[in-house]
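Structure at a glance
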Amino acid sequence: MITALFLAPAIVSAGPSTAVEPATGWQCQYTAADGSSFKLSGFFPEFPKGSPANIAKLSQIDGNAPEFLRGRKPVKSYEPKNGDRFYQVSFADANGDRYNLNFQFSETKEMPTDITHWISKEQKLVTMASGKCSADFNPEHKSE
């Protein structure tokens, strides 16, 4: 069951993107499981129509979060639904633990978000932090 939950965010339909996913600016406020708070922000580049599925682009993540969550990270874009945009930043650390930052952005309201942590040595998936994000669907920043 836990394995299915761990793999679920990474499962997407095969084939190229059928829609243009324009650049998106964003900022999120999180509360960690230990009660601490932090912010992350960034800019996800454009994913043009016809982009290959499951191909990540690098994006800079900033904020006052723990250092391992910041910096150049791979981001994947998923098919938009009902005007919302969906992204995932997923990376592993030196211990084999995996972190997934899951995003659903709306142009008009804040949306819930979470960061999951797959603890490799325990074979356990936990929610490391939860919060809310706002997005800018027309950022001034140009695609990298």
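Starting afresh in each chain, residues are numbered from 1 along the sequence in its written order. Where local features are concerned, this predicted model is filtered to residues with pLDDT of at least 70; where side-chain atom pairs are given and counted, the filter is 80 or more; whole-chain, interface and lining totals use all residues. Hydrogens are left out, water is left out, and the side-chain values use all remaining heavy atoms of the structure.

A closer look at the confidence of the model for the protein
- Note: pLDDT gives the predictor's confidence per residue, expressed from 0 to 100. Of all residues in the protein, 83% have pLDDT values of 70 or greater, and the mean over the chain is 86.
- Throughout residues 1–15 the model reports pLDDT below 50, and contacts reaching past four residues in sequence, or to other chains, amount to 19 contacts. Between two residues, a contact is recorded if the distance between any of their heavy atoms is within 4.5 Å.

Some words on the sheet that holds strand β8 (residues 124–136)
- In this scheme, strands are said to pair when DSSP sees at least two bridges between them. Only DSSP runs of H or I reaching four residues or more are called helices, and only runs of E reaching two or more are called strands; each is numbered from the N terminus. What the eight strands build is a closed barrel, ordered β1-β2-β3-β4-β5-β6-β7-β8; its pairing is antiparallel. Shown here is a sheet whose adjacent strand axes are inclined to one another by a mean of 30°, direction ignored.
- Bridging between strand β4 (residues 71–81) and strand β5 (residues 84–92) involves five bridges; their strand directions are antiparallel. Opposite S77, over in β5, you have Y87 as the bridge partner. Working convention: axes come from line fits to C-alpha atoms, limited for helices to the stretch in contact. Angles between N-to-C directions cover 0 to 180 degrees.

Some remarks on the state of the cysteines
- For the purposes of this analysis, a disulfide is any pair of cysteine sulfur atoms at a distance within 2.5 Å. In this structure the tally under the stated criterion is one disulfide.
- In this model C28 forms its disulfide with C133; the gap between the sulfur atoms is 1.9 Å. Given an S-S torsion of about 100°, the disulfide between C28 and C133 has right-handed geometry. Within this pair, whereas C28 is found in strand β1 (residues 24–32), its partner C133 is found in strand β8, the two being separated by 105 residues in sequence.

As for the pattern of salt bridges
- Throughout this description, the term salt bridge denotes a Lys or Arg side-chain nitrogen within 4 Å of a carboxyl oxygen of Asp or Glu. Taken as a whole and assessed by the stated rule, the structure comprises one salt bridge.
- Residue K124 is joined to E122 by a salt bridge in which the shortest nitrogen-to-oxygen separation is 3.8 Å.

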